[in-house]
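# Secondary and tertiary structure notes
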Amino acid sequence: MKMLSSHFWRRVFIHRWQRRLKDFSKISRTLEDKERLLHRSIFSDQKFFSHTSKLWQQHKGLPFDVADFPVERIRNFSIIAHVDHGKSTLADRLLEISGTIPEGNNMQVLDRLQVERERGITVKAQTASLVVNHKGQDFLLNLIDTPGHVDFHYEVSRSLAACHGVILLVDANQGVQAQTVANFYLAFESELAIIPVLNKIDLKNAQPDIVANQIHNLFDIDKDEILKISAKSGLGVADVIEAVIERVPCPQYDRNKPLRAFVFDSWYDKFKGVVAHVAICDGVARKGEKITCASSQKVYEITEIGLMYPTQVPSGALFAGQVGYAMMNMRNTSEAQIGDTFYHENQPVEPMPGFKEATPMVFAGMFPTDQSEFPQMRSAIEKLTLNDRSVQIKVDNSPALGQGYRLGFLGLLHMDVFNQRLEQEFDASVIVTAPNVAYQMTVTGEKNIKYYGSEDITVLNPCLMPEPSNIAEYREPMVKGTIISPDDYINQITGLCLDRRGRITDQSYIDDKRVMFQVNFPLAEILVDFFDELKSISSGYASFDYEDAGYEISDLVKLEFYLNGKDVEELTLICHVSRARDLARQVCLKLKDTIPRQQFAISVQGKVNAKVLAREDIKAYRKDVTAKCYGGDISRKRKLLKQQAEGKKRLRKIGNIDVPKDTFIQILKK
Ligand SMILES: Nc1nc2c(ncn2[C@@H]2O[C@H](COP(=O)(O)OP(=O)(O)OP(=O)(O)O)[C@@H](O)[C@H]2O)c(=O)[nH]1
């Protein structure tokens, strides 16, 4: 007994010291941890901590019943903003304040993809549900964290279909940027409630009053409506929750009506198969029920249904106004179409309007590194496009690279991310050809005159461009660009726009320091390095966004590249006539740098209409075949050299040039 009690006191003593040490280590924390402590004290009153919600670690299922949330106590909203203005950080704080996840600085829990974590950007809209208490009542909030980069704007527009309001987040240091403007109009045109929020007010250089003025001038928003927060420290985040509950309208749906479930996203899970993100517009969907897909009329059984809390947590049912996930035993990835409506078997309802197709801006060929891997590549592309519906797919064939696909993307970053996701998530290694835009042409060649008079075609693959003598008119895609920058850089930006064949249509001040330019550009001119150059001439302060602006008549040529006189179709480009010579030189130099030296010399030529515009030579490795010949027998040495020369000729004849996998994509980068 005595022994036991001394053991007990020893444990109490150790425990006390551990606590003291913990307190001591708290005092000596770094600056970042001090912010965390501040954030803790802000949350300490746990104003929004719901009675039903418990800390993340403590529950396995949902700590509440979804049936207890009628539409009046549901709010569905998105967080939209320019790149890096703090969307994912705010999402973290909202999840913490509601007790959905444990406290922890900058976990970015909604950036779930490996590519997002590696690049530090959001590429995929992600949803999460949280329960908060407001004036004694529990509310179910469904938030969607959206990407900020222009290449992923389709994700934003799709997410808005499942929302009734948005938080328009603006960095109080950087101010309104180009994507802020684009996102505002997207939400405004969708008639959503807009809550303007200034973020990063903890920063030394934050200028909340100036930025509030910009928001007021540009969007006609009352300055009193603008919230000021620090998503990092948690300051003011409580007000955001209050604003969401009070300013975002509840869904106008009815759980007593027949089921109408809208699929706004879907993805392929290696273990669970196809998973769909669903918004329940009317009625109730329960596990085990049979539901019909409105577009295909196929019947499925709901095998699992639940909320993203913030990962998939089964709830057994979802009620009108709620947003969650569902699994329906779909065998084929093509069955889960985004924009589809599901209803209970034999109880058809009016389907929801689907989504507008995304308009791809950039096209590139994708081929397996080894032709035997084509089936794996096809399956990987099918699964990934299930999660990324903005990609357009067409089967393609290339003499050098074999069977593959021509894919359409919303931009180069989109293409890069898609490629990386193929490798990381599906283990598919692919060759990507040089990206190009889609040109339109009016063909009036002999054959066409005979049959059609003239015909308008769209050329997605430059090597399929018809003979120039048959083309009556060329048209190239245009974009309407928005640039926002401090006025110190007006001259540099004007110069850059003119150099890129841009037409400045408007230039106006959004406050007394910042200028907004509206510029019409040929898409091909801003595709590769425009944004980098804009950032570099404006010391990183200018931002850029663009939207489709149709086609304009242009003067185009087909630029072909030859390796040792052999046309390499995969390298063919279409460009404006004024760019042909520079581009030919740039690509030839790039090829010279990227193609490794081989046993024979390689000539690299860039030609337009058989006229050589640029040429580079890659020297051969001179293998010393006579090294092993000691002594003076000259005839033996000659024989070996002759054999070597013949070997080189043979290699050249069969065009056995080792071109590295990323050459095609590298050639356009400066
Ligand atoms: N000082 C400070 N930094 C912040 C605040 N909010 C976010 N940040 C930082 O800003 C950077 C970008 O934050 P994110 O949350 O990734 O921004 P995002 O808008 O989600 O970025 P994308 O999804 O790539 O567009 C991170 O380094 C954050 O730590 C804030 O209130 N104060």
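None of the values given here were measured: they were computed from a predicted structure. (Residues numbered from 1 in each chain as written. Predicted model: local features only at pLDDT ≥ 70, side-chain atom pairs only at ≥ 80, totals over all residues. Heavy atoms only, no water.)

## A few points about the overall build of the chain
Note the threshold: Counting from the N terminus, the helices are the DSSP runs of H or I reaching at least four residues and the strands are the DSSP runs of E reaching at least two. Contacts between residues were defined by any pair of non-hydrogen atoms, one from each residue, lying within 4.5 Å. Surface exposure here means Shrake-Rupley accessible area, sampled with a 1.4 Å probe, where a residue is shielded only by the protein chains that are shown.
Per the secondary structure count, the chain includes 17 helices and 31 strands. When contacts within the chain are restricted to residue pairs at least 6 apart in sequence, those whose partners lie at least 24 apart make up 70%. Looking at the chain as shown, the accessible area adds up to about 31,900 Å², and 50% of this sits on carbon and sulfur atoms.

## Focus on the confidence of the model for the chain
As a reminder of what qualifies: Known as pLDDT, the predictor's per-residue confidence is scaled from 0 to 100.
Counting all residues, the mean pLDDT for the chain is 81, and 83% of those residues have values of 70 or more. Every residue in residues 1-46 scores below 50 in pLDDT, and together they form 23 contacts with partners more than four places removed in sequence or on other chains. Segment residues 649-655: pLDDT under 50, and 6 contacts once partners within four positions in sequence are set aside and those in other chains are kept. ipTM for the predicted complex: 0.98, alongside a pTM of 0.75.

## Quick notes on the pattern of salt bridges
Put simply, the rule reads: What makes a salt bridge here is a side-chain nitrogen of Lys or Arg within 4 Å of a carboxyl oxygen of Asp or Glu, nothing more. Think of it in three bands: residues with accessible area under 20% of the maximum for their type are buried, residues over 50% are exposed, and the middle band is partly exposed, with areas taken using a 1.4 Å probe on protein chains only.
Tallied over the full model, the rule gives 22 salt bridges. Asp171 serves as the salt-bridge partner of Lys200, at 3.3 Å between the closest nitrogen and oxygen. Taken together, the residues Lys200 in the loop between strand E5 (193-199) and helix H7 (208-219) and Asp171 in strand E4 (residues 165-171) connect sequence positions 29 residues apart. Since its relative accessible area comes to 23%, Lys200 is described here as partly exposed. We classify Asp171 as buried; its relative accessible area is 2%. Residue Glu473 pairs with Arg475 through a salt bridge whose shortest N-O separation is 2.5 Å. Under the relative-accessibility criterion, Glu473 is labelled partly exposed at 28%. The class for Arg475 is buried, based on a relative accessible area of 12%.

## What to know about the domain arrangement of the chain
For clarity, the cut-off: Each domain's limits were defined by an automated method or a database of domain assignments. Accessible surface is computed with a 1.4 Å probe, and the buried area is the amount of it that two parts give up when combined, taken over both parts together. Distance and chemistry together define a polar contact, namely a pair of N or O atoms within 3.5 Å, with one atom able to donate a hydrogen and the other to accept it when in protein, and with adjacent residues in sequence counting only for side-chain atoms on both sides. In this classification, the charged set is Asp, Glu, Lys and Arg, the nonpolar set is Ala, Val, Leu, Ile, Met, Phe, Trp, Tyr, Cys and Pro, and all remaining amino acids, among them Gly, are polar.
One can read the domain layout of the chain as domain 1 (66-247), domain 2 (260-344), domain 3 (362-426), domain 4 (439-554) and domain 5 (559-666). Computed from C-alpha atoms alone, the centre-to-centre distance between domain 1 and domain 3 is 32 Å. Contacts between the two partners involve 14 residues from domain 1 and, on the opposite side, 14 residues from domain 3. Roughly 1,200 Å² is buried in total at the junction of domain 1 and domain 3, and carbon and sulfur atoms are behind 56% of that figure. When the area that domain 1 buries against domain 3 is broken down by residue, the three leading residues are Val115, Arg119 and Asp151, summing to 41%. The interface formed by domain 1 and domain 3 contains 0 salt bridges. Viewed at the interface, domain 3 and domain 1 are joined by 3 residue pairs in polar contact (both at pLDDT 80 or more). When contributions to the side of domain 1 that touches domain 3 are tallied by element, the ones reaching two or more residues are helix H4 (114-119) and helix H5 (153-160). For the side of domain 1 that touches domain 3, the leading source of residues is H4, giving 4 residues. By residue class, the composition of the side of domain 1 that touches domain 3 is 6 nonpolar, 3 polar and 5 charged.

## What to know about the packing of aromatic side chains
In plain terms, the rule: Two aromatic rings from Phe, Tyr or Trp, using only the six-membered ring of Trp, form a pair when their centres are within 6.5 Å; if the ring planes differ by under 30 degrees the pair is stacked, by over 60 it is edge-to-face, and anything between is tilted. Only lysine NZ and arginine CZ atoms are considered, and such an atom sits over a ring when it is within 6 Å of the ring centre and within 35 degrees of the ring normal.
Summed over all chains, the structure comprises 14 aromatic pairs. Here Phe64 and Phe69 contribute two aromatic rings whose centre-to-centre distance is 5.7 Å and whose plane-to-plane angle is 85°, an arrangement assigned as edge-to-face. Comparing Phe64 with Phe69 shows no difference in burial state: the two are buried. Measuring from ring centre to ring centre gives 6.5 Å for Tyr185 and Phe219, while their planes differ by 80°; the resulting arrangement is edge-to-face. Residue Tyr185 is found in helix H6 (residues 178-189), and its partner Phe219 is found in helix H7; the two are separated by 34 residues along the sequence. On the basis of relative accessible area, Phe219 is assigned to the buried category, the value being 6%. Ring pairing ties together the aromatic residues Phe184, Tyr185, Phe188 and Phe219, which thus form one cluster. Above the plane of the ring of Tyr562 lies Lys607, whose end atom (NZ or CZ) is 4.1 Å from the centre.

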